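Notes for the structure review
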Amino acid sequence: MLSDDIAEEIRLSFPGTEEIIVQYLSGYLVDDAGVEEDVLQVARIILGSLAGDKIEILEKLLLTLSDMLKDHLTIHLKNRSGPKLMKLDKVMDMSKTQMSNTIALSEGVDLESINKGKASRVDVRKLEKQEAKLKAKIEKRARRDLYEGSKLLDAYKKQQSYEEVFMKINPLEASGAAKNKSKDIHLPSIDVNFGSNRILSGASLTLAYGRRYGLIGRNGVGKSTLLRHIAMRELPIPPYITILFVEQEIVGDDTKAIDAVLKADVWRDHLYKEQAILDAKLVELDSEGDEKRVEDLREDLSSRLAEVHARLAEMDAESGPARAAALLAGLGFDETDQQRPTKSFSGGWRMRLALARALFVKPALLLLDEPSNHIDLNALAWLEDYLQTWPGTLLVVSHDRAFLDAVATDIIHQHSGRLDYYKGNFTQFYSTKSERDRNMRREYETQMEYRKHLQAFIDRWRYNANRAAQAQMKIKILEKLPDLQLPEQEETENFRFPVTEKISPPLLQLSEVTFGYTPDRIILERVNFDVGLDSRMAIVGANGSGKSTLIKLLTGELAPLSGQVNRNGRLRIGYFAQHHVDTLIPTMSPVQFLASKFPGKSEQEYRAHLGNFQISGMTGLQMIGTLSGGQKSRVAFSVLSLQQPHILLLDEPTNHLDIEGLDALMDALQKWNGGVIIISHDERFITAVAKELWVCGEKTVTQFKGDVQSYKNLIVNNVKKKP
């Protein structure tokens, strides 16, 4: 398809370009350009903003596009130079004039004047009304179709502040208008597009107020796109329903963490500023005497001030600092951290700040996209507990089954351009869906057998005089049978790690190890840790407790200040870090990347190895920069397995995997015969893979006598006990 080829050329020339821009431009060049537009000039302007100083690459790309669009541009040019309407010098009476067909086709004729003077039987008012309706319909359709191409690109250029977007999406008068109105959302038929791709078609979106919905589906099905459409009110959500979408980390500046959370409630901040202005004006009026004008103005200001006080009391504004501090503490920010400027935090911690800000605002509809990816198990345990009492509507995209089991009251399954609804958490959804699919498959197979039986009877007796009537009856029965669809086959994935060779113990030991970046800043003290081929360990603990430091001591990346690290000379360690995906070279294909790391094999061998991790077909030849996060993780795992490791150290390996990919990874690790040490926030992953739970904290590492759920309960109880 031409638009797909053009999109691929743009991605190759400018890796990292936002997919929405690529899709918009490729669609515009092939389908959407107006007759009078110079398409290549428009393309040059848009691509120029991406190219920066890469003029040579831009010119080369434009030449390539020109060749690809050669036939398309020829047709476009003909349309531009085609016949246009002309006004004749004098009026022609068409009823008296004979004119050849060739003239009619080659010249323009002004038919407007022919019937001048004749009485019109058209109802002008009705005509105007219909034309106005038609115009409005065309404009609405144009706005809808241009959403990806204009609105998002404009927003990208303008880079609106959080406050501007918040007030635009949730105007101040919305809270007053919400009184005594239902906050349920029911949109019976919605269409959602991403560029030229149709995400949903005629789907029904139903969100009951106070329910907590888990939105699930395969990677790339459009879950995040749906959330963005809701957040930007591209879907007709009632304006009095407040919406907040946690999608990206906050911008770091000199604002303290606690103040950043307080300022997130733009209404509260706005009302406090208005209160200060009104107080100052009233103080000024106190010194201006008792004239009637002054008295009237004082009365107006006092009345408005009373309204502001009522609004602040309604939103419980005074408790703001205490609520903000409690939220930050639950997400892992101690009192010192809460006073630090936001620019001093890493991206993961800024994402936690964004989450705290959304929880502080308490919108009627809260949208979360993979919230568990950015927090440790301790913070996740607190978040699960907090969201269980969330007063409004929650719509969360997550691949973490344990999180969905703890939080969700309903599951929405997005697939095949539609949304299916299930009551209950993820476990209940899986059970219900499996049972429903089994019943549908059984019904389908039964009907197919019945159809086959009827058809066999018809084929045998249709032309037999004695049985013709019976055959006709069977034909009618066959025609009236409902047209059942075969249920979609569930896609399954398989990962495979190569069998590791046996080596004699000890493989890897830490004995009385102490480490600190400086002698006066000790992180781990007198740690004893023993890893073998049969080890299945999960390491948990708060961020900053030393989990990643322990992993780096095991890999040899860090050396201890004291103590001993014993490592078998033949030991090979495969290390998957959180940022592993970012170290892949985006301009290479997976096959090229494997060849650069492990040369000496044929392309077919590399592709076969990638197939062990579901990177198959043409995906192995695509640029890594165009792959999804889950596909990049699969490439990283394929690199690990080529190292033929004896021990795998996995730091948050589940972050980018969908549910099917996570199941495949768990199954592969359970079957593998090497040692596994994991750092993860995913309860189900830890439970399936690990036999031992080790807790990092208070400068040491100790084994926890209990399961993950017991540990999470302990964390939540400890947070609640704090004043």
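Everything numeric in this text was worked out from a predicted model, so none of it was measured.

Points about the overall build of the chain
Counting its secondary structure elements, the chain contains 28 helices and 17 strands. With 723 residues in all, the chain has 43% of them scored as buried. Looking at the chain alone, contacts between residues at least 24 apart form 69% of all its contacts between residues at least 6 apart. Approximately 39,600 Å² of the chain is accessible, and the part contributed by carbon and sulfur atoms is 51%.

Notes on the nonpolar core
Formed by 49 residues in total, the largest nonpolar core has its most connected members in Leu-353, Leu-359, Leu-366, Leu-368, Leu-383, Leu-387 and Leu-394. Shared between two domains, this core takes at least three residues from each, and those domains are domain 2 (160-250 + 362-424) and domain 3 (253-344). Aside from chain neighbours lying at most four places away, what touches Leu-387 is Arg-212, Leu-359, Leu-368, Leu-394, Phe-403 and Val-407. Judged by nonpolar contacts, the second largest core, of 33 residues, contains Leu-657, Ala-664, Ile-686 and Ala-690.

A look at the confidence of the model for the chain
Looking at the chain as a whole, the pLDDT averages 80, with 84% of positions reaching at least 70. Counting contacts from residues 95-120, a segment whose pLDDT is below 50, to residues more than four positions away or on other chains yields 16 contacts. Confidence over residues 143-158 falls short of pLDDT 50; this stretch has 18 contacts with residues more than four positions distant or in other chains.

What about the pairing of strand β10 (residues 521-531)?
Bridge count for strand β9 (residues 508-518) against β10 is 7 bridges, and the pairing is antiparallel. For Gly-516, the partnering residue across the bridge sits in β10 and is Ile-522. The turn linking β9 back onto β10 is made up of 2 residues.

Concerning the pattern of salt bridges
Any two side chains of opposite charge can pair, on the condition that their charged atoms come close. Under the defined criterion, the tally for this structure stands at 21 salt bridges. Here Arg-438 and Glu-435 are joined by a salt bridge, their closest N and O atoms 2.7 Å apart. With a gap of 3 residues between them, Arg-438 and Glu-435 both fall in helix α20 (residues 426-461), about one helical turn apart. Judged by relative accessible area, Arg-438 falls into the partly exposed class, the value being 45%. Its salt-bridge partner being Glu-501, residue Arg-570 comes within 3.3 Å of it at the nearest N-O pair.

Quick word on the pairing of strand β16 (residues 692-697)
Bridge count between strand β11 (residues 536-540) and β16: 4 bridges; the pairing is parallel. The residue bridging Ala-538 from the neighbouring strand is Leu-693, located in β16. Here 5 bridges tie β16 to strand β17 (residues 700-704), and the two strands are oriented antiparallel to one another. In the sheet register, Gly-697 faces β17, and the bridge partner there is Thr-700. Between β16 and the antiparallel strand that follows it, β17, lie 2 residues; Glu-698 among them carries a positive phi value of about 55°.

Description of the packing of aromatic side chains
If you walk through the whole model with that rule in mind, you get 15 aromatic pairs. Plain terms: the ring middles of Phe-426 and Tyr-430 are 6.3 Å apart, the flat faces sit at 20° to each other, and that makes the pair stacked. Placement of the pair is Phe-426 and Tyr-430 together in helix α20, with a separation of 4 residues, close to one helical turn. You can call Phe-426 buried: its relative accessible area is 3%. One aromatic cluster is present, built from ring pairs that chain together Phe-495, Phe-497, Phe-576, Phe-613, Phe-637 and Trp-672. Looking at Arg-352, its charged tip hangs above the ring of Trp-349, at a distance of 4.2 Å from the centre. In this structure, Lys-474 packs its charged tip against the face of Phe-457, placed 5.3 Å from the ring centre.

Points about the sheet that holds β11
In spatial order, the strands read β13-β14-β15-β11-β16-β17; together these 6 strands make up an open sheet with mixed pairing. Strands at the two margins of the open sheet, each flanked by one partner only, are β13 (573-576) and β17. Going from strand to strand, the sheet's axes swing by 20° on average, the running direction of each strand aside. Across the face of the sheet, helix α25 (residues 629-642) comes into contact with β13 and β14 (647-651) while running at roughly 165° to β13.

Definitions and limits used
- Residues numbered from 1 in each chain as written.
- Predicted model: local features only at pLDDT ≥ 70, side-chain atom pairs only at ≥ 80, totals over all residues.
- Heavy atoms only, no water.
- Helix = DSSP H or I, 4+ residues; strand = E, 2+ residues; numbered from the N terminus.
- Buried < 20%, exposed > 50% of the residue type's maximum accessible area, 1.4 Å probe, protein only.
- Contact = heavy atoms within 4.5 Å.
- Areas by Shrake-Rupley, 256 points an atom, 1.4 Å probe, with all protein chains shown as cover.
- Core = buried A, V, L, I, M, F, W, Y, C linked by side-chain atoms within 4.5 Å.
- Domains from an automatic or database assignment.
- pLDDT = per-residue confidence, 0-100.
- Pairing = 2+ DSSP bridges.
- Salt bridge = Lys/Arg side-chain N within 4 Å of Asp/Glu carboxyl O.
- Phe/Tyr/Trp six-rings, centres within 6.5 Å; stacked < 30°, edge-to-face > 60°.
- Lys NZ or Arg CZ within 6 Å of the ring centre and 35° of its normal.
- Axes fitted to C-alpha atoms, helices over the stretch in contact; angles between N-to-C directions.

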